[in-house]
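# Working through the structure, step by step
Listed below, chain by chain, are the residues.
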Amino acid sequence: DIIDEHYYRRPEWFLANAGRYDNYPRNGSKVFAGEYAAQSDKTVSINNNNNVETALAEAAFMTGLERNADVVQMASYAPLFAHVDAWQWRPDLIWFDNLNVYATPDYYVQKLFSNNKGTNVLPTLSNNQPLTGQDDLYASAVLDKKTHEVIIKIVNSSLNEKQINVNVEGVKKLMSPVSVTVLTGKSLEQENTLDDPMAISPSTQSVNVKGKKVDFTVKPNSLAVIRAGYN
């Protein structure tokens, strides 16, 4: 049996529920997060927008979905498409007019998670606890046995940058440099538009590592995805 759960709530709800499934019964029904989207104003409001705040709140919540993939077996954002002059619901993942299309920050969150899902979930702990908002940080990690990589996702929901020191246990060493892809914006209210469709989009850089440790600075209000080869 799979329970189809829907979440159309304010960003604060998504942040507060990053640990929603951490203590969910493992021998009961599984979960399909069948519809979810953070509402920048309120549910079914015509003033809802797809901005940096909603995207990062969804990303924080999705770290909990990934961490509990044994329970949450499927997930899908909704709704998907909307015409800028003929829409029924806000927010939507992708917007278009008769000639152009642009992806929202929420779309890039979905893309980063789907393209970095791995094959096995790894514990991601700070002081022996999952990161579900402590010091405004949220995290999950997976192992990709196909590419021989560790993939770590970190959301910083604060206005301040965070110095992160990640120690990957269970491997001999990480292969330097590692790839770090970051999604962020100039403000929580910033959006993509038809005139500026790539204002908020992921950027990738390389970070040198030593041994099994990754030290880097997580930007304010950002999602960072680290891909590290190992042996």
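The structure reproduced in this document is the subject of the present report. (Residues numbered from 1 in each chain as written. Predicted model: local features only at pLDDT ≥ 70, side-chain atom pairs only at ≥ 80, totals over all residues. Heavy atoms only, no water.)

### Quick word on the sheet that holds strand S16 (residues 222-229)
For clarity, the threshold we go by: Strand pairing requires that DSSP identify at least two bridges connecting the strands. A helix here means a DSSP run of H or I that spans at least four residues, while a strand means a run of E at least two residues long, and both kinds are numbered starting from the N terminus. A fitted line through C-alpha atoms serves as each axis, taken over the contacting stretch for helices, and the angle formed by two N-to-C directions is quoted from 0 to 180°. The contact criterion used throughout is that any non-hydrogen atoms of two residues lie within 4.5 Å.
Spatial strand order, S7-S10-S11-S16-S13-S14: six strands in an open sheet with antiparallel pairing. Since the sheet does not close on itself, it has two edges, and those belong to strand S7 (120-122) and strand S14 (203-207), each with one partner. On average, adjacent strands in this sheet sit at an angle of 25° to one another, irrespective of strand direction. Where S7 lies against strand S10 (residues 137-144), three bridges are found, and the strand directions are antiparallel. Across the sheet, the residue bridging to Asn120 is Leu143, located in S10. Packing of helix H2 (residues 52-67) onto the sheet brings it into contact with S7, S10, strand S11 (149-156), strand S13 (178-184) and S16, and relative to S10 it is tilted by some 45°. Against the sheet, helix H3 (residues 105-114) engages S11, S13 and S16, with an angle of about 155° to S13.

### Examining H3
An α-helix turns once per 3.6 residues; consequently, residues spaced three or four apart project the same way. Note the cut-off: Accessibility here uses a 1.4 Å probe with only protein chains present; expressed as a share of the type maximum, an area under 20% marks a residue as buried, one over 50% as exposed, and anything in between as partly exposed.
Counting buried residues along H3, seven of its 10 residues qualify, which places the element largely inside the surrounding structure. If you check which residues of H3 are buried, you get Pro105, Asp106, Tyr108, Val109, Gln110, Leu112 and Phe113. In this fold, the buried residues of H3 make contact with strand S2 (30-36), H2, strand S6 (101-103), S11, S13 and S16.

### Observations concerning the sheet that holds strand S1 (residues 2-7)
With parallel pairing, three strands are arranged side by side in an open sheet as S1-S2-S3. Pairing within the sheet leaves two strands with one partner each, and these edge strands are S1 and strand S3 (72-75). Strand-to-strand twist of the sheet, defined as the mean angle between neighbouring strand axes without regard to direction, takes the value 25°. With three bridges connecting them, S2 and S3 associate as parallel partners. Residue pairing in the sheet places Val31 in a bridge with Val72 of S3.

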